[in-house]
Structure formats: structure tokens, C-alpha cells
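# Coordinates in review
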Amino acid sequence: MVPITTIHYLVVAAALFVLGVIGVLTRRNVVIVLMSIELILNAVNLNLVAFSRMWGRLDGQVFAIFIVVDAAAEAAVGLGILIAFFRNKDTINVDEIDLLKW
Amino acid sequence: MNPGLHQALIAVDTTSIGPGMAPVATPFFFYLLSGLAIAGGFLVSTRRNPVHCALALIVTLIAVANLYLMLYAPFVAAVQIMVYAGGIMVLFLFVIMLVSIERASRDRRFNRFWPVGLATACGLMALFVSAFVKGRALFPDRMIAIPEGSNTQQVASMLYGEAGRMGQYTFAFEIASLLLLVAILGAVIMTKKKI
């Protein structure tokens, strides 16, 4: 069997990234769009940790920890915005969130 | 640790380490975990019920945490499970409880521009595939073995510093805690009924 190298992990990360992009661009429910953004961040984390393993340094892992912290902050603020918006307009449909449209 | 084992571990094929440290059945676990992660990601993008999407994302996060374990990063795996799967996904489930009205889960799944989104994602996938095919020579054929047991200490010394000196990322660590404080304040203020 082919030994598992860095490229295998990068391909998995790229597949997760593309699935996250599909979720962000095509779903109607805003909560699912936010969950797809978390999927994208996880793909980037996997990429970083795979490269950290390839070079034998730990910088990639420390950066991955910072990305997890950042994803937590961003999820909290994004969901807070969503709840405030839902309270005003009673919808979570991206097609109906068009107050800024010309 | 045994100093002779250290020298044997540097730049050596992973199958020739001593019996205590050789990874076991690596391709089986890799394909199992990556299949779980990709299946979970696919379910996140395509399920109608947002609770199903949240559960699929939890499966993906735990599979990716196990992939970190395979990549000799136990601290990042533990942080991922505790913070991501244990904190952020619980937050998502609470918000789904608060905002998911019944009408939303019986609506159409995809928005008006879904062909454009799908075409963009296919273009992105083609770009990734061409990058991997063209750049194959950049990556080594074998992965060198890393001694286990000191990953958490080394990450901690990069984050906190050691023996009175600052680590490389101590300043960024303090900024990250400030970021969390600002995020907490923002989330609390935004969800108050009267500011």
C-alpha cells in the first residue's frame, strides 16, 4: 500500500474546504452557512498541522490553536448578530436578508 | 528517554522505529478517519434539518481531531475536542433551538444562486487538484518520525515562554485572550433586548 504522506492530508483538507465553500455559497439557512464556515476553518487547521508535521516544527500547531480560538470568537459574535437579526425580522433565510440591497 | 532511541528516530522510515513507537495500521485509520470527515462535511452541506447538520459537523470535528493525533499533535487534538466539538457546537445547537422555526426546516434547502455557487466550488476544486498534481515533487515521500511525549511541553513553551523568557507567541497569546474578551462583550451586548 502507498505510505501515507503529507499530500494525503492536504487532499483531505482541500476536500473539506470545497465542501465548506459549497455550504456557504448554496444554503439558505444562515446557521448552516455559519457551520460551513467552521468546516472551512477546520480544513485550514488540518493543512497547518500536516505541514507542521512535514517540517518537524511546532509553529503550525500553535497557529492552529490560535485559529480555534478565533473561530470560537467569530462563531459567538456571528450567532449573536443572527439572534439580533432574527428578533427584528423573524427570518433566517439568506434570500430574505436584503435590507442593504439597492 | 533512551538516547539511543532518539538517534534512531531522526529521518528514518516510520516502519523501522523500535516496537514501542511504531504507528500501527496507518493507512486503515487514515482512510477511515478521512472518509468519516468528508462524509460528515458532505452531510453538513446537504441536510435539510440544521440539527442534522450540527451533528454531522460534530462527527467531522472528532474525525479531524483523530487525524491530528495521527499527525503527532495531541495537544491540538485535545483543544479541538474540548473547544470546538464541546463548546462551539453546543453554542450552535443552542442558537438553532432559539431561531429555528418550523417553517425554516420545511423550506427549500438551497438558495437562489446555487448553480453559481456549485460552479465556483468546482472551479476551486479543479485549482486544488492542479496544484497538487503540479507540485507533487515538493513534498517528501516519507514522513520522519517524531518522538512522542513532549508535544504539550513544547507547545506550552512556545506559548508561555520558559525560565523567565518570553516564548515566540506569548504576545499573540495575550492578544487572543483580549479577542475572546471583546467577543464575549460583543455577543452579550448584541443579544440584549434593551441596550
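Residues numbered from 1 in each chain as written. Chains lettered and ligands numbered in written order. Predicted model: local features only at pLDDT ≥ 70, side-chain atom pairs only at ≥ 80, totals over all residues.

Let's shift gears to the overall build of chain A. A tally of regular secondary structure across chain A gives three helices and zero strands. In chain A, the order of α-helices and β-strands from amino to carboxyl end is α-α-α. Since a compact globule built from 102 residues should have a radius of gyration of about 13 Å, the 17 Å found for chain A marks it as more spread out than a globular shape. Oriented by its inertia axes, the alpha-carbon framework of chain A measures out at about 55 × 25 × 25 Å. Counting the 102 residues in chain A, one finds 57% classified as buried. At a minimum sequence separation of 6, the contacts of chain A that also span at least 24 residues come to 48%. (Helix = DSSP H or I, 4+ residues; strand = E, 2+ residues; numbered from the N terminus. Rg over C-alpha atoms; globule rule 2.2 N^0.38 Å. Buried ≥ 20, exposed ≤ 12 C-beta atoms within 10 Å, placed from the backbone. Contact = placed C-beta atoms within 7 Å.)

Let us now look at the overall build of chain B. The helix and strand tally for chain B stands at eight helices and zero strands. Counting from the amino terminus, chain B carries its helices and strands in the arrangement α-α-α-α-α-α-α-α. Burial analysis of chain B (195 residues in total) assigns 22% to the buried set. Within chain B, residue pairs in contact and separated by at least 24 positions form 49% of the contacts whose partners lie at least 6 positions apart.

This paragraph deals with the interface of chain A and chain B. Residue-level contacts link 64 residues of chain A with 73 residues of chain B. Breaking the side of chain A that touches chain B down by element, the ones donating at least two residues are helix H1 (6-26), helix H2 (30-55) and helix H3 (59-89) of chain A.

Moving on, we get to the domain arrangement of chain B. One frequent convention defines the size of an interface as the accessible area lost when the parts assemble. By the assigned domains, chain B splits into domain 1 (7-149) and domain 2 (150-195). Here the side of domain 1 of chain B that touches domain 2 of chain B is composed, by residue class, of five nonpolar, one polar and no charged. (Domains from an automatic or database assignment. Nonpolar A, V, L, I, M, F, W, Y, C, P; charged D, E, K, R; others polar.)

This next bit is on H1(A). Counted at 1.5 Å a residue, the expected span for H1(A) with its 21 residues is 30 Å, and the 30 Å between its end C-alpha atoms agrees. With 16 of its 21 residues buried, H1(A) lies for the most part within the structure. (Expected span 1.5 Å × (residues − 1).)

Turning next to the nonpolar core. Within the largest apolar cluster, 74 residues are counted, with the highest numbers of intra-cluster contacts made by Ala13(A), Val31(A), Met35(A) and Leu46(A). For this core, the secondary structure elements donating two or more residues are H1, H2 and H3 of chain A together with helix H2 (26-46), helix H3 (50-70), helix H4 (74-99), helix H7 (151-160) and helix H8 (170-190) of chain B. Per-element tally for this core: the top contributor is H2(A), with 15 residues. Here this core spans two domains, since at least three of its residues come from each of domain 1 (7-149) and domain 2 (150-195) of chain B. If near-sequence neighbours (up to four positions away) are discounted, Val31(A) is found in contact with Leu82(A), Ile92(A), Pro50(B), Phe92(B), Val95(B), Ile96(B) and Val99(B). (Core = buried A, V, L, I, M, F, W, Y, C linked by C-beta atoms within 7 Å.)

Moving on, we come to the packing of H1(A) against H2(B). Across the interface, H1(A) lies against H2(B) with an axial gap of 8 Å and an inter-helix angle of 10 degrees. Taken together, H1(A) and H2(B) sit at an angle that is classed as roughly parallel. Here H1(A) contributes His8(A), Val12(A), Ala15(A), Leu16(A), Leu19(A), Gly20(A), Ile22(A) and Gly23(A) to the contact with H2(B), which in turn contributes Phe30(B), Ser34(B), Ala37(B), Ile38(B), Gly41(B), Phe42(B), Val44(B) and Ser45(B). (Axes fitted to C-alpha atoms, helices over the stretch in contact; angles between N-to-C directions. Parallel < 35°, antiparallel > 145°, perpendicular 65-115°, else oblique.)

Right, let's get into the environment of Ala37(B). By the secondary structure assignment, Ala37(B) is in helix H2. When the 28 C-beta atoms within 10 Å are taken as the criterion, Ala37(B) is described as buried. Linking Ala37(B) and Ile88(B), residues 51 residues apart in sequence, is a C-alpha distance of 18 Å. Contacts of Ala37(B), omitting those with residues within four sequence positions, involve Val12(A), Leu16(A), Thr60(B), Ala63(B), Val64(B) and Leu67(B).

Once that is clear, we can look at unusual backbone geometry. Backbone geometry at Asp90(A) places phi at a positive 60 degrees, although glycine is not the residue there. The topology assignment puts Asp90(A) in the segment after H3. We note that Tyr72(B) has phi near 60 degrees; this positive angle belongs to a residue other than glycine. Secondary-structure assignment places Tyr72(B) in the loop between H3 and H4. Judged by the 20 C-beta atoms lying within 10 Å of it, Tyr72(B) is buried.

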